[in-house]
Amino acid sequence: MVPEHRLDLSASVPGHTDLLERLGWSEPQAWVEHWQQRGGTALALAAWPFPVAADWLWCVGFPLLTRLESCCGCLPRQLIGLSGLPGCGKSSLAKWIDMAASELGLSVSVVSLDDFYWPASEMDQAMRGNPWSVPRALPGSHDLVLIQECLARWRQTGELRTPQFDKSLRGGRGDRCGWQHSSADVLLLEGWFLGASPQANRSLDPELTAQELSYRQQALTKLEDYQWLWQSLDQLWHLRAPGVFASRLWKQQQEQSMESRTGVRLSTQELEGFIRMIETALPQESLQSINQADVVVELTDERVIRELR
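What comes next concerns the included structure. Counting from 1, residues in each chain are numbered in the order their sequence is written. It should be noted that, the model being predicted, local features are given only for residues of pLDDT at least 70 and side-chain atom pairs only at 80 or more, the latter also being counted only at that level, while totals for whole chains, interfaces and linings use all residues. Neither water nor hydrogens contribute to the side-chain values; these are computed over all heavy atoms in the structure.

### Remarks on helix H3 (residues 54–71)
Test applied: Secondary structure elements are taken from DSSP: a helix is a run of H or I of four residues or more, a strand is a run of E of two residues or more, and numbering for both begins at the N terminus. The length a helix should cover is 1.5 Å for every residue beyond the first. Two axes enter the definition of the bend at a residue: one is fitted to the seven residues ending there, the other to the seven starting there, and the bend is the angle between them. In this scheme, a residue with accessible area under 20% of its type's maximum is buried, one over 50% is exposed, and one in between is partly exposed, where area comes from a 1.4 Å probe on protein chains only.
Here H3 is 18 residues long and its end C-alpha atoms lie 25 Å apart, about the 26 Å a rise of 1.5 Å per residue gives. Of all the bends in H3, the greatest, near 30°, is centred on Gly61, and the proline Pro63 appears no more than four residues after it. Extensive coverage of H3 is indicated by the burial of 14 of its 18 residues. At the C-terminal side of H3, Gly73 shows a positive phi close to 85°.

In structure tokens form, the structure reads like this:
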């Protein structure tokens, strides 16, 4: 077997060399050796809930960690976004980033947009009447005022106080479960419709029922309230699915994983409603063509990395 530090990973995925150059590394092999000396594929390996492919580490994980590391110690503090459909591997990647940064002593915090979901009673009110009967996840299910307050304090002081949301509570409907305190030079924010615009060509969308069409307009109106947050990102990375419908398989796998960890999962009917929501609540172009994305990771249906751009 070829030693890991000698692998020419720059040729493994189209666009990898270009991405490294954009990150300030013109010699890919020197970059590989830099990270191999800091742990390589063994770094924070326990963070992954499943065996992780080398391409995910070397073509996405370490490049993103490289970007975050370069922001440490810099002012103004940097807010980096990570967007991708449910089940694409986004949250697992964010968890790895969080653990890897901790092991390396980097001043990085990772926050999910999901942590800013409304508490139970407010959430139920916000989601009432949606045709998919989903308990959360739609635009409008997040406390944007709280997000703004938390980010403003962090930008000014470096101190971060964010709520935590446990999706396994209330039989899978979820609820807040406390607060997290940290300090960081750079913040990674992840979310499934991060960067999505309410303006999009809808000609490729599936056929919607009258009720879905009506509620979609509400979702798009709510999505406008998030645009200030997208504009405050200093950089956005997008894990781009081959199509919105890829999330059907991914979400099913995600629920199986949650059940194995917590013993709780959505019912068949709830899961189908959640998947249908992902496919129809927002225009496909809004989720697939995020114009402000600085780095796009093109994925296949099997979540194999096809290209970086």
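Okay, back to it.
### Description of empty space enclosed by the protein
Inclusion rule: Cavity and pocket criteria rest on a 1 Å grid covering protein atoms alone: a 1.4 Å probe that fits but cannot get out defines a cavity, protein on both sides within 12 Å along at least 5 of 7 lines defines an open pocket, and an atom within 4 Å of a point defines a lining residue. Grid points are joined across faces, edges and corners, and a volume is the space filled by probe spheres set on the points. Side-chain classes follow a simple rule in which Ala, Val, Leu, Ile, Met, Phe, Trp, Tyr, Cys and Pro form the nonpolar group, Asp, Glu, Lys and Arg form the charged group, and the remainder, Gly included, forms the polar group.
A full pass over the atoms with the stated rule returns one cavity of 30 Å³ or more. Lining the largest cavity are Leu79, Val111, Phe116, Ile147, Cys150, Leu151, Leu160, Thr162, Leu187 and Leu189. Secondary structure elements with two or more residues in the lining of the largest cavity: helix H6 (144–157), strand E3 (159–166) and strand E5 (186–191). Of the residues forming the lining of the largest cavity, the biggest block, three residues, is contributed by H6. Residue classes in the lining of the largest cavity are distributed as nine nonpolar, one polar and no charged.

### Remarks on the nonpolar core
The test is simple: Nonpolar cores were defined as sets of buried Ala, Val, Leu, Ile, Met, Phe, Trp, Tyr and Cys residues, with membership established by side-chain atoms within 4.5 Å. Contact criterion: two residues are considered in contact whenever any of their non-hydrogen atoms come within 4.5 Å of each other.
Of all hydrophobic cores here, the largest spans 92 residues; its most connected members are Leu93, Trp96, Phe193 and Met277. Excluding residues that lie within four positions of it along the chain, Met277 makes contacts with Trp132, Val134, Arg136, Ala137, Leu138 and Trp192.

### Things to note about the sheet that holds E5
Keep this limit in mind: At least two DSSP bridges between two strands are required for those strands to pair. Axis geometry follows a simple rule: fit a line to the C-alpha atoms, using only the stretch in contact for helices, then measure angles between N-to-C directions, giving values from 0 to 180 degrees.
Strand order in the open sheet formed by six strands is E2-E5-E1-E6-E7-E8, with mixed pairing between adjacent strands. Edge positions in the open sheet fall to strand E2 (108–112) and strand E8 (305–308), since each of these has one partner strand only. Across this sheet, the average inter-strand angle for adjacent strands is 20°, counted without regard to direction. Sheet topology places strand E6 (residues 235–240) next to strand E7 (residues 295–299); four bridges connect them, and they run parallel. By the bridge assignment, His238 is partnered in E7 with Val296. The strands touched by H3 within the sheet are strand E1 (78–84), E2, E5, E6, E7 and E8, with E6 carrying the most contacts at an inclination of about 170°.

### Observations concerning the pairing of E2
Counting buried positions along E2 gives five out of five residues, so the element sits mostly inside the fold. The alternating pattern of E2 places Val108, Val110 and Ser112 and Ser109 and Val111 on opposite faces, both of which are buried. As paired strands, E2 and E5 are joined by five bridges and run parallel to one another. Following the sheet pairing, Val108 is matched in E5 by Val186.

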